[in-house]
Amino acid sequence: MTSQRKRTTYDVCIVGSGAGGGMAAHALTAAGASVVMLEAGLWWDNTRDSKMLSWPWQTPRRGASTRERPFGEFDACIGGWDIDGEPYTRADGTRFDWWRARMLGGRTNHWGRISLRFGPDDFKAKSRDGLGDDWPISYDDIAPYYDRVDDLIGVFGSNEGLRNHPDGRFLPPPMPRCRELLVKQASDRLDITCIPSRLSIITRPIHGRMACHYCGQCNRGCTVNANFSSPNVLLLPAQETGRLTIITSAMAREVTVDDQGLATGVSYIDKANGVDAHVEARVVVLAASACETARILLNSKSSRHPDGLANSSGMVGKYLTDTVGAGVAGFIPKMVDQPRHNCDGVGGMHVYMPWWLDNSKLDFPRGYHIEVWGGMGVPGHGFMGGIHRYPPGGGYGRELKNDYRRYYGTTIGFDGRGEMIPNEKSYCELDPQRRDRWGIPVLRFHWEWTDYELNQAKHMQETLRALVAEMGGTVFDPMPSRDRGYGIGNGGSIIHEAGGARMGDDPSTSVLNARSQAHDCRNLFVADGAPFVGQADKNPTWTILALAWRAADAISDMMKRREL
């Protein structure tokens, strides 16, 4: 389904329909702007297209992954690290994996809904420890937008008064489940802060949306709109204003400019027929995801912008970051022979551990948080990782079936998610030779983890293993050595990449100003993770949403004053 295309000049063209693009469309249409949105993927309506209540045994794959759904065939997000006809390349020695979503709503259909605000220290990190750069905005500048996002979308949690983990306008959190009570007890004994999670899944009805009914299938797309994804929470309400036109299967090629170097619209390929097309707009907002936005800017070359649009500083594509990630899982004997129950709850964790230590006493400068998983998930392909991981580790027939029943739900896992310090060796550029199937130059990635991140991953491993041991459990895998990076994930593998068009006060060292507006092109804005100056030890989506709303307000105000 694609909205009717209009032959007109729009007030705003938005590229990308995920968190940033969806929020920009919602705010701009509410302010009266006419908006056209380009989405490279197909239409998606989670209320109709979700496989929320499908059983794994109903398909030949039993829920196993596919090329376009690497997290399982029922996962809501169509895309992945390997998309037919859309390659990317890596410089020698680089280990970077680039996830792309190709559907309306982008990654908001897939993510874990972990909705954390950046804290005061996260915006002024250089002032604290001398590393990276300070943002040109403070927490106080963005806090009102965090409040608005909380109220519009809904997030559960608890007010804890933790200075750099700001409280929000929370809905009631769900109670911890059995495994999470064990985690909480172990955390308390180890003096690790453990509090209710903060997820954008509503536990009370708001804005005509039903509360979560605890089926636990959030990753499949929610048919009742209890969790947040862009299509039904942001885009369809924006369409109801009559001021949003959505064009799907539209692969953006470049932002076009006039003789003065100002944006005039976006050139794109209609993927259905391979035909080049163009939309005209007075303002362009790129929200295609951090790296895709950098790619569009670098490909938008003209006589006024010979190195790519908004790139007079040479900073487009530079200082990419991703979340530092390492994980541990273990067998917990206390969970053997549990009474069968359906682990009522949201499709995610009910507790988590925000950063609790003083980095000045450690050998790495920034912190991490800990996510928790486990429980009696619906059996499917790869169920429990194989019985060989559990004592006695094998068998046949009735004995094998009984062992699976005994050990069902006895795994508890932890994932550390930490802050990377931006470095000049982590960036993307255009590959001088490769093109995608539409003839558009592709990205080539460069990536390097430094000792800061490797030492953090080591600390993660030690902490997560201590938690398993404190619960009386046994970790499945041995401690990774330093030459294996202590189990650190590849760059991009956590799917939190940010930067590439960072904001700043100095046009010679940044791409955007504090309003997410390009220094070099006053009617160009960016509304995804690309403006990020730093990553923080929090998931980025809530900050993308808040910054996008802030940018949309700036656009509306400037249009009213006829500055755009």
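Criteria and cut-off values
- Residues numbered from 1 in each chain as written.
- Predicted model: local features only at pLDDT ≥ 70, side-chain atom pairs only at ≥ 80, totals over all residues.
- Heavy atoms only, no water.
- Helix = DSSP H or I, 4+ residues; strand = E, 2+ residues; numbered from the N terminus.
- Rg over C-alpha atoms; globule rule 2.2 N^0.38 Å.
- Areas by Shrake-Rupley, 256 points an atom, 1.4 Å probe, with all protein chains shown as cover.
- Lys, Arg positive; Asp, Glu negative; His and termini not counted.
- Charge placed at Lys NZ, Arg CZ, Asp CG, Glu CD.
- Buried < 20%, exposed > 50% of the residue type's maximum accessible area, 1.4 Å probe, protein only.
- Axes fitted to C-alpha atoms, helices over the stretch in contact; angles between N-to-C directions.
- Left-handed = near helix turned anticlockwise from the far one by under 90°.
- Contact = heavy atoms within 4.5 Å.
- Patch = residues over 30% accessible without salt bridge, like charges linked within 9 Å, V, L, I, M, F, W, Y side chains within 5 Å.
- Salt bridge = Lys/Arg side-chain N within 4 Å of Asp/Glu carboxyl O.
- 1 Å grid on protein atoms, 1.4 Å probe; cavity = no way out; pocket = protein on both sides within 12 Å on 5 of 7 lines; lining within 4 Å.
- Points joined across faces, edges and corners; volume = space filled by probe spheres on them.
- Nonpolar A, V, L, I, M, F, W, Y, C, P; charged D, E, K, R; others polar.
- Polar contact = N/O pair within 3.5 Å; in protein donor to acceptor, adjacent residues only side chain to side chain.
- Pairing = 2+ DSSP bridges.
- Parallel < 35°, antiparallel > 145°, perpendicular 65-115°, else oblique.
- Core = buried A, V, L, I, M, F, W, Y, C linked by side-chain atoms within 4.5 Å.

Asker: Before we go on, may I ask you to explain the overall build of the chain in this structure?
Answerer: Across its full length, the chain carries 11 helices and 18 strands. Taking 24 Å as the expected radius of gyration for a compact globule of 564 residues, we find that the chain reaches 23 Å, a close match to that expectation. Accessible surface, the chain as shown: approximately 22,100 Å² in total, 48% of it carbon and sulfur. Positive and negative side-chain charges in the chain, numbering 65 and 66 respectively, have mean positions lying 5 Å apart.

Asker: Please clarify how helix 7 (residues 230-239) should be interpreted in this entry.
Answerer: In an α-helix, one full turn covers 3.6 residues, which means residues spaced three or four apart are oriented alike. In terms of burial, helix 7 is largely enclosed, as seven of its 10 residues are buried. Every buried residue belonging to helix 7 is among Ser230, Pro231, Asn232, Val233, Leu234, Leu235 and Ala238, and all of these are buried.

Asker: Sorry if this is basic, but what is going on with the packing of helix 1 (residues 19-30) against helix 11 (residues 541-560) here?
Answerer: Two numbers describe a pair of packed helices, the interaxial angle and the distance between the axes. Closest axis-to-axis distance for the helix 1/helix 11 pair is 8 Å, and the angle between their directions is 35°. Helix 11 is crossed by helix 1, and the crossing has right-handed handedness. Here Ala19, Gly20, Met23, Ala24, Ala27 and Leu28 of helix 1 lie close against helix 11, whose contacting residues are Thr541, Ile544, Leu545, Ala548, Trp549, Ala552, Ile555 and Ser556.

Asker: Teacher, can you tell me more about a nonpolar patch on the surface here?
Answerer: On the surface, a nonpolar cluster with roughly 330 Å² of combined accessible area is contributed by Trp55, Trp57 and Val378. By the secondary structure assignment, Trp57 is in the loop between helix 2 (46-49) and strand 3 (79-80). With a relative accessible area of 52%, Trp57 lands in the exposed category.

Asker: Where do I start with the layout of surface pockets in this structure?
Answerer: If you roll a probe as big as a water molecule over the atoms, it shows you where there is empty space left. Looking at the second largest pocket, its volume works out to about 380 Å³. Surrounding the second largest pocket, 20 residues form its lining, Asp121, Asn164, Trp355, Leu357 and Asn359 being those nearest its centre. Taken together, the residues that form the lining of the second largest pocket break down as five nonpolar, six polar and nine charged.

Asker: So what exactly am I meant to see when it comes to the side chain of Arg107 here?
Answerer: Structurally, Arg107 is set in the loop between strand 5 (100-101) and helix 3 (120-123). Within the local environment of Arg107, its side chain forms a polar contact with the backbone oxygen of Ile495, the two atoms lying 3.3 Å apart. Those residues in contact with Arg107 that sit more than four places away from it in its chain are Cys77, Trp98, Trp99, Ala101, Ser289, Ile495 and Glu497.

Asker: Where do I start with the sheet that holds strand 4 (residues 89-90) in this structure?
Answerer: Strand-to-strand pairing in sheets goes through backbone hydrogen bonds, with the strands running parallel or antiparallel. Taken together, the three strands give an open sheet; going across it, the order is 4-16-15, and neighbouring strands pair in mixed fashion. With one partner strand each, in any of the chains shown, strand 4 and strand 15 (427-435) form the two edges of the open sheet. Relative to the sheet, helix 8 (residues 290-299) contacts strand 15 and strand 16 (441-446), its axis offset from that of strand 16 by approximately 125°.

Asker: What am I meant to see in unusual backbone geometry here?
Answerer: If a residue is not glycine, its phi is most likely negative; likewise, a peptide bond is most likely trans. With a phi close to 60°, Arg62 is a non-glycine residue in the positive phi region. Within the fold, Arg62 resides in the loop between helix 2 and strand 3. Using a relative accessible area of 42% as the deciding quantity, one classes Arg62 as partly exposed.

Asker: Got a minute to help me understand the sheet that holds strand 14 (residues 411-418) in this structure?
Answerer: Taken together, the four strands give an open sheet; going across it, the order is 13-14-11-17, and neighbouring strands pair in antiparallel fashion. Taken across any chain shown, the strands that pair with only one partner, and hence form the sheet edges, are strand 13 (368-374) and strand 17 (474-475). Bridge count for strand 13 against strand 14 is seven bridges, and the pairing is antiparallel. Its bridge partner being in strand 14, Ile370 is matched across the sheet by Gly416. Relative to the sheet, helix 10 (residues 451-470) contacts strand 11 (324-331), strand 13, strand 14 and strand 17, its axis offset from that of strand 11 by approximately 20°.

Asker: So what exactly am I meant to see when it comes to the pairing of strand 16 here?
Answerer: Extensive coverage of strand 16 is indicated by the burial of five of its six residues. Direction of pairing for strand 4 relative to strand 16: parallel, over a ladder of two bridges. Its bridge partner being in strand 16, Thr89 is matched across the sheet by Arg444. One ladder, built from five bridges, connects strand 15 with strand 16; its direction is antiparallel. Looking across to strand 16, one finds that Cys428 is bridged to Phe445. Where strand 15 hands over to strand 16, the hairpin turn is made up of five residues, of which Gly439 adopts a positive phi near 85°.

Asker: I'm lost on the packing of helix 1 against helix 7 in this one. Help?
Answerer: Between helix 1 and helix 7, the least distance of the axes is 8 Å, while the angle of their chain directions is 30°. Comparing their axes, helix 7 and helix 1 come out roughly parallel. By crossing handedness, the relation of helix 1 to helix 7 is classed as left-handed. Judged by residue contacts, Ala19, Gly22, Met23, Ala25, His26 and Thr29 of helix 1 engage Ser230, Val233, Leu234, Leu235, Pro237 and Ala238 from helix 7. Of the residues contributing to the contact of helix 1 with helix 7, the split by class is eight nonpolar, four polar and no charged.

Asker: Explain the nonpolar core here, please?
Answerer: If you look at soluble globular proteins, the nonpolar side chains tend to sit buried side by side. Counting 137 residues, the largest nonpolar core has Ile14 and Phe414 as its most contacted members. For this core, the leading source of residues is helix 11, giving 10 residues.

Asker: Please clarify how the pattern of salt bridges should be interpreted in this entry.
Answerer: Between side chains of opposite charge, a pair can form as their charged atoms come close. One pass over the structure, following the stated rule, counts 35 salt bridges. Among the salt bridges present, the one from Asp45 reaches Arg48, with a minimum N-O distance of 3.3 Å. When the shortest N-O distance is used, the salt bridge between Glu419 and Arg366 registers 2.6 Å. With Glu419 in the loop between strand 14 and strand 15 and Arg366 in the loop between strand 12 (351-352) and strand 13, this pair connects stretches of sequence that are 53 residues apart. Connected through salt bridges with shared partners, the residues Glu86, Arg102, Glu292, Arg295 and Asp436 form a single ionic network.

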